[in-house]
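Spelled out from the first residue to the last, the chains are:
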Amino acid sequence: MSKKEKDMLREQIKSLSTLIVDLGKHRPAGLTEAPAGSPVEDAQPKTRKPTSPPLSTMAEKFVFTDKDKSEDTKKATRKTVDLFIEAFGDMPVKQITGTVAGEFFDLLSDLPATHGKGRTGLPIREAVAQARERGQETVSGKTVKNHFSRLSALWMHLVQREMADRNPWAGWDFNITKKIVRRGWTDDELTLLAHTPWNGTSVSRATWAGITSVGMFTGMRLGEICNLRRQDIEVIQGIPCFHVRPHPEDHWSPKTSAGTRIIPIHSHLLTMDGLDLLRDTGEHYLFPDLTVSSTSARGDNFARAFSKHKKRIGIPEDVTFHSFRHTVSTKLRNQEAHIRELWIDTVLGHEASHKSQGTMNYTSGIEVANLKQVIEALSYQPECIMPF
């Protein structure tokens, strides 16, 4: 280009730039903002994009203050919103995606049926972890569906007003006809469990076999087994026993007052060489390789590994570690008449069925020898017993 042509282009650019600045200064409200870096963009004040409101604010606006909503609807929705906020915090509604909804679905599906029905209760994540560990009965599919329906109704308002991009609570499938009822183990299932190689990495095979065997021959809860200390193995009236009791230093205690009890050790457990119940190993806990989870539950790693293992080998969903407790209870209650119901309740840590008898343990009426009879009445087919 010649020098003259370049000078003409410069003059045109200068004139256009001046025109754009003048237009920007007198731009009517509502026009699209100028591209970043242009003279107009530099000349006008920055506008901040509004943030997404939190869930609690939206629930207050569209449900809790809606005069057309019934008090029952408001109360039920508040319960659902409170559960969500307890689990995930008061999230901005636009950040609540299908992934978050899926995590809430899983939590609700594993929530114990008794959650929220007592005066005091565990936080939702602790309650779920405990329910998984103990194999507790969980809420029904209908309950999960109701929670999702309440949130879905709220999101219809948000999507309509473009306050949310989509409704993550819609389109889910709920099993509302089947409720899982836990049951005991069959001999075939025990045989399968005993003779399928353990491939878990979070706990050793010795710990897996030891905890499973103790569960089979005592009916103890998983949390009670995982918290057994070496000092909890005592010889009482000449009989080796597990002493299930609170551990103040570890902030752990049995589930109920009846959970504090004496359980004579079955002769099979005493003869398991790898378990070494009566030998001082110098370890504080009987199963020292168990870890403590973020919810302070000792043995969560075992609970997860056991659940994964049983699913892998085809054990049904209604059979869990807690099912050993059902198995032991059933076997004992089908024994000879001389084994009293009260003795069985004492061994299992159930509230005494005969309230007039009071709380019974080895110091208040029941001889340890009688409890030993209860434990020794437990027997399994040889193929059902876990090889150590």
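Residues numbered from 1 in each chain as written. Predicted model: local features only at pLDDT ≥ 70, side-chain atom pairs only at ≥ 80, totals over all residues. Heavy atoms only, no water.

Caption draft 1: Looking closely at the side chain of R230. With respect to the helices, strands and loops of the structure, R230 is situated in the loop between α10 (222–226) and β1 (233–236). Among buried Asp, Glu, Lys and Arg side chains, R230 stands out as unpaired, with D280 the closest opposite charge at 6.0 Å. (Helix = DSSP H or I, 4+ residues; strand = E, 2+ residues; numbered from the N terminus. Buried < 20%, exposed > 50% of the residue type's maximum accessible area, 1.4 Å probe, protein only. Lys, Arg positive; Asp, Glu negative; His and termini not counted. Salt bridge = Lys/Arg side-chain N within 4 Å of Asp/Glu carboxyl O.)

Caption draft 2: Structural context of the packing of aromatic side chains. Taken as a whole, this structure holds 22 aromatic pairs when the rule is applied. Ring centres of F104 and W169 lie 6.1 Å apart, and the angle between their planes is 80 degrees; this geometry places the pair in the edge-to-face category. Within this pair, whereas F104 is found in helix α5 (residues 98–109), its partner W169 is found in the loop between α7 (141–160) and α8 (187–195), the two being separated by 65 residues in sequence. Owing to a relative accessible area of 0%, F104 belongs among the buried residues under this scheme. With relative accessibility at 3%, the residue W169 sits in the buried group. Ring centres of F148 and F174 lie 5.6 Å apart, and the angle between their planes is 75 degrees; on these two criteria the pair is classed as edge-to-face. (Phe/Tyr/Trp six-rings, centres within 6.5 Å; stacked < 30°, edge-to-face > 60°.)

Caption draft 3: Highlighting the pattern of salt bridges. Tallied over the full model, the rule gives 14 salt bridges. Between R229 and E249 there is a salt bridge, and its shortest N-O distance comes to 2.6 Å. Highlighted residues: R229 in the loop between α10 and β1 and E249 in the loop between β2 (239–244) and β3 (261–264), separated in sequence by 20 residues. When its relative accessible area of 3% is taken as the criterion, R229 is described as buried. Of the residues examined, E249 reaches a relative accessible area of 45% and is grouped as partly exposed. Between R245 and E234 there is a salt bridge, and its shortest N-O distance comes to 3.0 Å. A residue pair is termed long-range when its members are at least 10 positions apart, and R245 in the loop between β2 and β3 and E234 in strand β1 qualify at 11 residues. Through salt bridges with shared partners, a single network forms among R229, D232, E234, R245 and E249.

Caption draft 4: Examining helix α9 (residues 205–218) more closely. With 14 residues, α9 should cover 20 Å at 1.5 Å per step; its first-to-last C-alpha distance of 20 Å lies within 8% of that length. Burial of α9 is extensive: 12 of the 14 residues sit out of reach of the surface. Inspection of α9 places T207, W208, A209, G210, I211, T212, S213, V214, G215, M216, F217 and T218 among the buried residues, and these make up the whole buried set. Directly beyond the C-terminal end of α9, a positive phi value near 75 degrees is found at G219. (Expected span 1.5 Å × (residues − 1).)

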